[in-house]
Each structure stands twice: as C-alpha cells, then as structure tokens.
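# Chain and residue survey
These are the residues of each chain, in order.
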Amino acid sequence: MDSPNVLRISSTLKGRSAVQPVLCLKCGLTDILEEKLKIPLINEAREKALAIAAQQQMSVLEHKRRKVTGTLESSSVRVAVAALGLSRIERDALYRPTKYPEKLKPVDYSIEVSMPEYFEIPEKLSIPVSATSKVNSKAFSEEDHQAVKATDKDTAVELPIKFTPRYPGCYPCQILLQSFYDIRVYLIECVVNTDSAEAELEFVTPAYQAVIQDIPVSNMSNQDWKLQAILEGHCFYGPPLIYVGPGETTQYPLMFKPIAECVTLGKLILQNETDGTEHIFGLKGIGRKPLALDHIVIDCQVRQITQKVLMVPNYTKNKLTYKVTSDLPMVAGTPNLTVEADDTTAYTLNVSAWKRGIFKGVISFIVEVEEQQQSRHNSSPEETDGEQALQKLSTETSQTVDAANTGGNSSCCKVWFSLEINCVPCAPERTLDVKCAALDTIGIEIPITNPTPETLQLDIVLMGAALSGETILVLQPKETLSYEVKYSPASTGTSEGSIIFLSEMVGEFWYALKLTSEKPLPTTLPEIECELGKWVRMYIPLLNPTYETLELEIVNSNPGNFSIETDPRKPLMVAPHSTTEVPVQFCPSALGRANHMASITFTCPQLNEWIFHLSGVGLIPQPMEPASISTCIGRHSSIIISFKNPTTEDILVDVLLTDQEQTICPLSASVLHRSSSKEFAFYLPLKQTQAIPLPPKGKLDIPVLFVPDTMKLYEAVVIVHVVKENGENWPYDDPAELNKELKSITTSENGEIHGICWIYPIHGIPEAQPYKSAPAVVCCRARNRVEERVEVLLTGVVPGTTAMPAAKNVMITTKIKTPSVQDELQVTAGFSTTDEFLYEIQYESNKVKSQLESSVAINLVQKDRDAESGIITLTFNIVFAPNKPMRNSATLVVRCTTGGVWKFPILLLATEPEVDDVINIEAAGLNKESVIGFRLTSQTRYPEPFTAYFLPGSDPEFVVLPQAGELLPLDTIGTRITVGFKPSMYSKKHKATLVIQTASMQWTYEINGLPPQTTSLTASAKVVSTSGYMRSATVRQRNFLRENLKLITTGVSSPVKGAPLILRTK
C-alpha cells in the first residue's frame, strides 16, 4: 500500500527461521490512524503450498517432464492436489460438464484482530473469485516477500482499519481471515511517538568548560539499530549518528560547553530508523561564572617594572573587544583588547609594586561587542551561524553537531586570570649592626627626611620579635626627624631584623639590622646584713619575657654562706611572661664582710648564663628572743639551748648562767668567771662550763633546769662566750666603729674583739598544782545560748615583788545564771587587787578549737584579794552558744603578770536541740513513693559541706537525698533537700528523725508518714427493686455454736469422713 504513514515493510527471512512479513505504520499519540489495507484475491501462500504438495507426489519422470516444460506449478497441478481435500459430491460437481459456466461466487471471510481495543476492523470481508487472476509465481522467489503490496484493483480488495493509540510505543497486531477454503494471517505494527520529552537533563558548568553526559541506548532486539540524533539548543554538541548492535548498549555522548554565563534550553531527539521509534530528551544548560583560565605567578621587585604576557582567547564567532579591569592597583596595561573570532591575542601586563609582600587578585577581560555599540543607533546585535564552533569542536569529537546553528549572544563573555604577585624588597638603604645583652634594652636612631612639598605619613613595620617602636611617623614638608627603635632581646644569639617605612607617595624603603644578643649582664643585688649565728632570707627575681618556658640549672659558688631553697634534684621552671622569686638564705660565718660573697648562676639554652652577685655582712650578735619554761612549784623542768659554731674556726666556749641585773653593764673577763650570789631557781647541769672546745659548724646543747619555789616570774640569762682556740682576736672591718658599751663582745687591751658573746634570756613561769576535783560544767541545749559566772581562786599570788609561800589548795566555784539576767561587775568587801591577769581557754586540739572558738566567749568581770590570806578571787562570765550537740573538755588558763600560771578544767556540754520543724508526708499508696522537698543554706557567706542522715530508731520507709553535698552560702536560694516516703503497710505509724549536719551547725527535723486521705461517700444507700410485690420478713440470726453441738458425725469436707464427734465408751 502507498501511504505516508507506512514506515517500512519487513522482509521475509530465508530458511527455517522464515517469519511472516510485517507492515509497519506510524501514528501520533493524539492522532487517529485510518488506512485501507490491500488484501490480494489469491492466497499465494496457499497456492504455493499446493504446488509443493503436488511436486512431492509426482514420480521422478513426471517431475522431470514438467520441469522441462515449466509446468511444475501449473493450475492443473494445484487443482489436483486441492481436489483431494473435497468430498465426493463436491468432486463430482467439479468434474461434471455443464453447458453454461456458473457464475463465480465471492469467498466470505470472518475477521479477528489480536488488539481489538486499539484496532477497529470490519468483522467480515468478501473476496471475489476472478477467473483471470493468476498466481504470481515470481513473488515466491524474491528476497523481500511483499504479501500485502498490491496496487491493481483486479488483484486485491481493500480492508479498512482504524487505529486509536492511548500510550506511546509499539502496537503489534495480528489480523486473522478465516473462510471455508483457506485461512490468512496478516501482521501489522503501529509505532506511536510522543512530542513530549522522556527525561529532562540539566547541565551546570562554568563558562568555557565542557561537561559531557553519556546517554545509554540499549538494543534488546535482534536487528541492528541506526539512530539519528537531532539536537536543538545553543552550546549543545553530539554525534549525528550512532549504531547499536543487537543485544548491545551504546553511550551517546552529549556535551554542553557554554561560552558565557547563560541559561540555554534545548532538545535531543534520537530517531530509530530501524523501528521508527523516537526518544526525546529535554535539555537545560546553565553556564556559571567562568573559572580562571590560568593562575599567573609574577615575581617582581619593589619600585621596578615587570612585564608579563597573557594570551587572551576568544571562544565565540564574533570579533570581541575586551575591557580590561583588575583589583590590584600595582598592575597596569592597555584598557582595551580586541580579539578576532575564534582566535587568541597577547596582552602585555605591567607590574610595579610600591611595597613588598605577596599580593593576590584577578585581571578580568569583559567583552565590549562592536555590534552592541552600533545597536544604540539603528541596528541589533548580529547572531553567529555556529559553523566555526562546529569546525573547532570537530577535532575533539568526530562529526559533532551544533544544536540549532543559531549561535549565541556574546555580550556577556568574560575571561579572567588569577594573579599572584611575589614582590621582593629592593636593596636596603643601610645595614646596621646592633649588639645588646639579653634582657637589656638598647635604642636605635634613624634619621628620616621628607623630600616632598607635602605632609608625608609613613607606616612603619618592625620585623623582629625583640624590636619595638612607633608604627606611624608623620613628617612635614622638608622636615627631618629621628626615628627610635628599641631592641630588647630575650635570648642570646644572632638574628636579622628590618625596619620598613611604607608610603604610597614615596614607596618603600627599609634598613637591615644584624642583631647580636649576648648573654645577660651580671646583676648585683643589694648587700644584706645578718647577725652572726642567725640567718636571713632574700629573694632573686627571675623575669622571663619570652614565649618559652625557661628550664634553669642553678650553680652556687658559695653554698656555705648562701643556700638556695629549691629542690636540687629538679630544674627550676620559669613560665613565659612571668617572674619567679628564688629564696636564698644568708648565714654569716664571720664578723663583717669577710668572704660573704657568692655568684648564683642560672643556665639555660635561651640565655646561656644568667649571673647574680650576692654579698652580705656579719653583724655582732644581739640578745636572743626570751625562751620560756614553766613547771609546778616544787617540781623541776628543763630546757635545751642549742648553740652552733657559725664560724669556720676552732673555738673555746664558756657558758655562764646569771641574772638580768649582771647583763646591764658590759661584760668583762672577770664577770664571766663569777656566778650570781642570790638564791637562784635556774641551774646548769654541765660538768664543764669553761673552755669547751668546739670545731667549725659544731653543736653544743646546753641544758638549763628550772626549780621554782614561789609563784613569781623568774628571769635568767645564759651567756655563751666564744674565743678562738689559737688565742687570736676576731677580725672586723673597722674596729674604730665598735661601740665600747656592746654587751656581746669582749675586747682586748688594744681594743680589738677578743671574744663574742651570745646572750639567751630565759623566763621561768611557775604553775599552781593541778586541780584534781570535778571540772566546772557549762551546759546548754544546742541552738540556744547560756551565760554562766565562774569564780576561780588564785593562791600564792606574789603582790608586787614580795614573795609568799605557795598554797596547797586551789578552789573553783561555779555560779550559774539564767541567760536573761544581766549583772554588772560586783565589788566584794575585800580589797580590790591591782595585779594584772591574762586569761584564755585552751582546747584539746586545733580542730576542736576551730569548732568552738565562735561558740564560746569569756571575759573577766571581777577580781578581789583577801587581805588576810592573800587569795585572789576572779569572776569570769562565760557565754556558750553551741550550734550542735557536743561534749568537749577545755582548760581555763590564768597568767599573772608578776609570774604564775593557774589552770582550771571546764566541761562544755551541748545537749540535743529542739526539732527545727515537723514535716508530714502523705503517702501516695502502698509501695509508691511520695516526695517532699525544702531548701537549706549554710550560716556563713561560703559554701559548707554537709551530711544528711536519720537517727537510729527511724523507720526504713524514709529516704533522704542527697545524703552528702554542699550547702550554698547565705542569702542564696539554698540547696534542695528531698525526703521520700514509701510505705509498705498502713497499720503502722511511720516516724523518723532527720539530721542535717555541717562542721559548725546542725538541723533536726521530725518526719511523720501519714496514710493517704480517704473520701467518704455522701450518697445514701438504696435498693432498686423491679418487682411490684414487696413483703417484710424478720431476719433470724443463726447460732452456729449451738448447731455444731447437735452434730453427731463429721461433714463431707472433714478429713475423717463420717467419724463421730464424741467418743462413747460402753
């Protein structure tokens, strides 16, 4: 059939794999295809089959004869075979001779289609039988068997078909024609293509950069595919044809390469010339800002012009004029550059930097199209034809196709290069050599002149960690100033620095510095003085101005007189930007300056050596601080005076025990050899007190016994007199400066120092006999306050300087007064004493003292002396305000200024306080916990640790959280304490006592666990009856005991069935 809707007619394959020819038609998705098929009058396939069947039944001779005559497929042969399938009646009617030939009747065919929902065909077709129709025997021998192609009206009839597609794709359909004589099958195939795209592809790439997307095309048929590519859209490229073999997958390379920032829409149509199908892809190309064509690195020198050539391309098919811009002020060149179409032009870039450094920026070439400039008058921009782009890309992809050949607008074309300019400084104006000691400072002055007629401002950059100075210098026209830089090195060594002056007006000029840092200069500390036999402490300040930690090793040149109080096994660490003070003890070994000098050297890699010079002076010893000794009257006590030979000489020691009166005047040799003539309470139990030899740094322990007999203060002096063993005098820097009235030296006849004395004053304090009766008890409930009057009796007090024998008994009485009574000082009938007394309360330990010191106060309110017995009565007011329960012993110690100590025991007792609050917790249910919380603060301005616990006897159903922690300070929201209650039964009263305790305070809470509240029913009970008849009846109460007594046997539920309840004996 001849129709524009015919795609092709498939050919018949040879051999056993021969298939029925297929007529392929095409149709749009929204169209309705109406065609008329040409059905031949003769079923040539049937006639061919009859001929083959007849040939198979011929003899060899008959087959050979007919082959020679060319009648192998004659009508007589086919009829003979066809007659075999007729009945005898039909066969007789066929061969019966008739006078007139009968009129030929058409053959009626019923028609069936395999896809009736898409194809509409008449149900019946009549094919006339023509006597003139002949079988086309030649058609059977052609390679392309066209079974349905017929143009003559005498050889074919028309079969109308109507095809209505619903979806794009291929619709194969089989048309079956059945009649009494034969069956015909015709195959048609309708290909439906759509105008919409099957997929959308989006390409995003910078301008001038190509991006390629491979589109897979799979051929699942058994025929070779030839696909033609139709590409629409600017800047899209791809091959015009691709071939896909049977069972293969071929990639179609689609490339997008924009020449400017743009958004381009396009379409790709892949037409399959083999089966007529089309595949449509929507295309969207986005050209982003172009990337730098190259990264250009330019090396140049300050105040020198350097040229660099850039090759600027033109990717379009227009002649372009670029406008050149850059964000770097030190680059220059022509402002415009013209580049021919599809060409590259050199651009010369001049670089002239006025200061050193690395500068990064860009240089851009933005298009100025000539057509755009002319469009202002009377024309519009011309469009390129795209042929040059096609030729250019043909070297990369063979036979590429430009989409629409419409070209693009080049008005937004832009190319740019990234620049990196490394500008090195020019030669320095001058090189300066600078030397300075580490940790010291030196100034560097540089004269600067302004040669311009305008005010010049110079920005100054100092290269070097140890350099400091102003960063801005302003000079008036023709003015000369001296710029000063300070060099303060923090470590030794050599380094290089520079002073850079910057100005856009005059450019950059600089001075090179060769810096040399030497080791720090030695530091001499002030001279220190110390008495011979003692030591003093001084500190060496170590300042670390660096950013590194200094690890110092210490070397001491004179450890005998100067000792460093650091751990010698570890190095000394000095943190960055800090000062560390190193303690040093000075202990003189002679009078005067002598050899009291030392060099303390600190070594480290940064500073090499850091030296400090120390010096000291040994002074004549002065009397020592008094030493005290005490004991009870009639008993003895001892004290040891340890004397160490501070000198480097062998000495002879004389020890003398005397009273204070003999030390008022200067000592002489005669005084040292005589003892006190008065009765004395001190004794020296030494076997040898004269000329005791002692080596250098040797020690001598001198015991002193104290045996008092009266309650007064005893004073004595132990004098240690030292002379050289060889009899020489002690050297001194300037003997003329010696004071002749000094008590610590003895002089020779020529006025030089012959002996040195160390004077040790001793105070003997007698104590009263310890009180053996029960202590005075001060009792108070915790969290309350009580005041009590305590009277103590002092016996044996010495009035003035008159001694009185010691009394045997001491009494103490306690008078308790209520806190509300405020009594004034009462004077008794006796004589008021004028002796002064010192008193204090001593505790068992420092821990107890810290707890009770704020809770106990004492003051003396009255003192009286009995004229006859001399007994003094002291009345004290003791205030006791404990914060928590406690029981501690203390001692009231009373000292008399004339001598004597009395001690009285006191018992401080604080009982349990009243509960601070009662907390009732209502249960939430059995085995369900209910929680109540409150907040508590410490009683000070600081947080205090606490513990929370229940007293023994509390029910275990209560729990407190937290059990330990820290109470927040006063005037804060406080720490939250929670108490939980989880009962396991309701019939028990649950109680507990909660205690929260700190070091100085205690709170007590009574906790009650209450059962949950029950709500009573308010509605009255009633009975609802549906029966209309009601009668009253008397309820008779049963007496179960009486009924049980009447039973004679057990019931069924008894373990012993039917046993009698009462045993009867006959």
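How each quantity is defined
Residues numbered from 1 in each chain as written. Predicted model: local features only at pLDDT ≥ 70, side-chain atom pairs only at ≥ 80, totals over all residues. Heavy atoms only, no water. Helix = DSSP H or I, 4+ residues; strand = E, 2+ residues; numbered from the N terminus. Buried < 20%, exposed > 50% of the residue type's maximum accessible area, 1.4 Å probe, protein only. Contact = heavy atoms within 4.5 Å. Areas by Shrake-Rupley, 256 points an atom, 1.4 Å probe, with all protein chains shown as cover. Disulfide = S-S within 2.5 Å. Pairing = 2+ DSSP bridges. Patch = residues over 30% accessible without salt bridge, like charges linked within 9 Å, V, L, I, M, F, W, Y side chains within 5 Å. Salt bridge = Lys/Arg side-chain N within 4 Å of Asp/Glu carboxyl O. Lys, Arg positive; Asp, Glu negative; His and termini not counted. Charge placed at Lys NZ, Arg CZ, Asp CG, Glu CD. Phe/Tyr/Trp six-rings, centres within 6.5 Å; stacked < 30°, edge-to-face > 60°. Lys NZ or Arg CZ within 6 Å of the ring centre and 35° of its normal. pLDDT = per-residue confidence, 0-100. Axes fitted to C-alpha atoms, helices over the stretch in contact; angles between N-to-C directions. Parallel < 35°, antiparallel > 145°, perpendicular 65-115°, else oblique. Expected span 1.5 Å × (residues − 1). Arc of directions from axis to C-beta.

## Here's the deal with the overall build of the protein
- A tally of helices and strands in the protein yields nine helices and 68 strands.
- Buried residues in the protein amount to 39% of all 1066 residues.
- Within the protein, residue pairs in contact and separated by at least 24 positions form 71% of the contacts whose partners lie at least 6 positions apart.
- When the accessible surface of the protein is split by element, carbon and sulfur atoms take 52% of a total near 61700 Å².

## Focus: the state of the cysteines
- This structure, assessed with the given rule, holds zero disulfides.
- With no disulfide of its own, C300 lies closest to C423 among cysteine sulfurs, the gap being 3.9 Å.
- The class of C300 is buried, set by a relative accessible area of 6%.

## So, the sheet that holds strand β28 (residues 442-449)
- If you trace the three strands from one edge of the open sheet to the other, you get β28-β32-β30, paired in antiparallel fashion. The open sheet has two edge strands with one neighbour each: β28 and β30 (467-468).
- Judged from the two bridges that link them, β30 and strand β32 (residues 480-487) form a sheet pairing that is antiparallel. The partner of S468 across the bridge, within β32, is K486.

## Some details on the sheet that holds strand β49 (residues 699-706)
- Spatial strand order, β45-β49-β47: three strands in an open sheet with antiparallel pairing. The strands lining the two open edges of the sheet, one partner per strand, are β45 (637-644) and β47 (682-683).
- Here β47 runs beside β49; their pairing, made up of two bridges, is antiparallel. Its bridge partner lying in β49, F682 is registered against F706.

## Thoughts on a negative patch on the surface
- On the surface, E649, D650, E725 and E728 cluster together to form a negatively charged patch.
- Inspection of the secondary structure assignment puts E725 in the loop between β50 (714-724) and β51 (745-747).

## Side note on the packing of aromatic side chains
- Scanning the model with the defined rule gives 24 aromatic pairs in all.
- Members of the aromatic cluster, each reached through a chain of ring pairs, are Y118, F119, F163 and Y171.
- Positioned over the ring face of W416 is K289, at 5.9 Å from the centre of the ring.
- Looking at R356, its charged tip hangs above the ring of W510, at a distance of 4.7 Å from the centre.

## Section: the pattern of salt bridges
- Enumeration over the complete set of coordinates arrives at 22 salt bridges.
- One salt bridge in this structure joins E62 and R66, with 2.8 Å as the shortest N-O distance. A residue pair is termed a helical-turn pair when its members lie 3 or 4 positions apart in one helix, as E62 and R66 do in helix α2 (residues 60-69) at four residues.
- Looking at E62, the relative accessible area reads 23%, which means it is partly exposed.

## Quick look at the pairing of strand β58 (residues 872-880)
- A large share of β58 lies buried, amounting to eight of its nine residues.
- Direction of pairing for strand β54 (residues 786-794) relative to β58: antiparallel, over a ladder of nine bridges. By the bridge assignment for β58, R789 is matched with N877.
- Where strand β57 (residues 856-865) lies against β58, nine bridges are found, and the strand directions are antiparallel. If you follow Q862 over to β58, its bridge partner there is T875.
- Hairpin geometry of β57 and β58 is characterised by an intervening segment of six residues between the two adjacent antiparallel strands and by a positive phi of about 80° at G870.

## Describing the confidence of the model for the protein
- On average, residues of the protein carry a pLDDT of 80, and 80% of them reach 70 or more.
- Here helix α6 (residues 387-393) stands out as the element of the protein with the lowest mean pLDDT, 31, in contrast to strand β39 (residues 562-564), whose mean of 94 is the highest.
- Scored below 50 in pLDDT, residues 673-678 makes eight contacts in the model with residues more than four places away or belonging to other chains.

## Topic: the side chain of T998
- Of note, T998 is situated in the loop between β67 (990-997) and β68 (1002-1010).
- In contact with T998, not counting residues within four places along its chain, are K884, E944, P945, F946, L967 and W1003.

## Quick notes on the packing of helix α1 (residues 44-57) against helix α3 (residues 75-83)
- Axis separation between α1 and α3 bottoms out at 8 Å; the angle between their running directions is 85°. Compared by their axis directions, α1 and α3 come out roughly perpendicular. Where α1 abuts α3, its residues R46, E47, L50, A51, A53 and A54 lie against V77, R78, V81 and A82.

## Some details on α1
- With 14 residues, α1 extends 20 Å from end C-alpha to end C-alpha; this agrees with the ideal 20 Å at 1.5 Å per step.
- Those residues of α1 lying buried are E47, L50, A51 and A54. The arc that holds the buried residues of α1, viewed along the axis, is 100°, so those residues lie on one side. Facing away from the buried surface of α1 by more than 90 degrees, the exposed residues are A45 and Q56.

## Points about unusual backbone geometry
- Put simply, L961 and P962 share a cis peptide bond, and its omega is -10°.
- Inspection of the secondary structure puts P962 in the loop between β64 (958-961) and β65 (964-967).
- In the Ramachandran plot, C235 falls in the positive-phi region, its phi being about 75° despite a non-glycine side chain.
- Looking at the element boundaries, C235 is found in the loop between β12 (225-232) and β13 (236-238).
- Phi at K697 takes a positive value of approximately 60°, unusual for a residue other than glycine.
- Residue position: K697 is located in the loop between β48 (692-694) and β49.
- Owing to a relative accessible area of 38%, K697 belongs among the partly exposed residues under this scheme.

## A short note on the environment of V723
- Inspection of the secondary structure puts V723 in strand β50.
- A sequence separation of 73 residues divides V723 from D650, and the C-alpha atoms of the two residues are 8.8 Å apart.
- With sequence-adjacent residues up to four places away left out, V723 is seen in contact with D650, I651, L652, W730, H754 and G755.

## Some words on the pairing of strand β7 (residues 156-163)
- Where strand β3 (residues 33-40) meets β7, eight bridges bridge the pair, whose relative direction is antiparallel. Paired with I39 across the bridge in β7 is V157.
- The pairing of strand β5 (residues 119-120) with β7 spans two bridges and is classified as antiparallel. The partner of F119 across the bridge, within β7, is F163.

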